Amino acid sequence: MISKNIIKQIALIAVFLLPFKGFSTENEKSPKEEIDVTEMIMHHISDSHEFHVYGSGESSVSFALPIILWTENGLVTFMSSEFHHDNDGKVAVERKGMKFVRYHETIYYANEQNGITYDAEHKVVNARPLNFSITKNVFSLILISVLMLLIFIPMAKSYAKNQRAPKGIAGFFEPIVLFVRDEIAVPNIGERKNTPSICRTY
């Protein structure tokens, strides 16, 4: 005979499985939202005036970057957070008696209605200031350059002082540099005087 404990266990499992089955059926019946993967990827890899983390609209979370503009009234600076995540030219930022809007990651002078003006072909006709802003790509380049200097200058000094087997960070990067030299640079361009420079640049 089946013991009471086994019956209780089967009943308990059934009780837990029934709700999940119901949820599963409900999800199968509900229509799935179509996601444009290409648009999502391009949105994240394209250059912008802020680092977007997640979310959309006012509820989105991002790290603002500085906006640096040379305008009719001289230099204007402010943070991209003042656009309040707007990228459709609807939020105007006022500085030195001028108003600016951001439309598709391009900064324009705002029109009289604090927005964007289009021509017959739906192209933006607003004037643009000179934009020297530190965008996401520029910030990434600066950060990578600083990291490379912090890594490779101490490595070069350690090689100059010590001719033995490298240790620490130099020991970590040496196999990578040798791989680039022996497996990529030399087989493709041959032995040259500038081969070490090419390896370092790579």
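Everything discussed here concerns the structure shown above.
A quick note: this is a predicted structure, and the numbers were derived from the prediction, not measured.

Calculation rules
Residues numbered from 1 in each chain as written. Predicted model: local features only at pLDDT ≥ 70, side-chain atom pairs only at ≥ 80, totals over all residues. Heavy atoms only, no water. Helix = DSSP H or I, 4+ residues; strand = E, 2+ residues; numbered from the N terminus. Buried < 20%, exposed > 50% of the residue type's maximum accessible area, 1.4 Å probe, protein only. Contact = heavy atoms within 4.5 Å. Areas by Shrake-Rupley, 256 points an atom, 1.4 Å probe, with all protein chains shown as cover. Core = buried A, V, L, I, M, F, W, Y, C linked by side-chain atoms within 4.5 Å.

Per the secondary structure count, the chain includes 5 helices and 8 strands. In the chain, the succession of α and β elements from N to C terminus is α-α-β-β-β-β-β-β-β-β-α-α-α. The buried share of the chain, taken over its 202 residues, is 20%. For the chain, long-range pairs separated by at least 24 residues make up 30% of all intrachain contacts whose partners lie at least 6 apart in sequence. Only carbon and sulfur atoms are counted for the fraction: they give 62% of the accessible area of the chain, which is about 15500 Å².

We now examine the nonpolar core. If you look at the biggest cluster of nonpolar residues, it comprises 10 residues: Ile 67, Leu 69, Val 76, Phe 78, Phe 83, Val 93, Met 98, Phe 100, Ile 107 and Tyr 109. If you list the elements that add at least two residues to this core, you get strand S3 (66–71), strand S4 (74–79), strand S6 (98–103) and strand S7 (106–109). Among the nonpolar cores identified, the runner-up in size contains 5 residues, and Val 101, Tyr 108, Ala 110 and Ile 116 belong to it.

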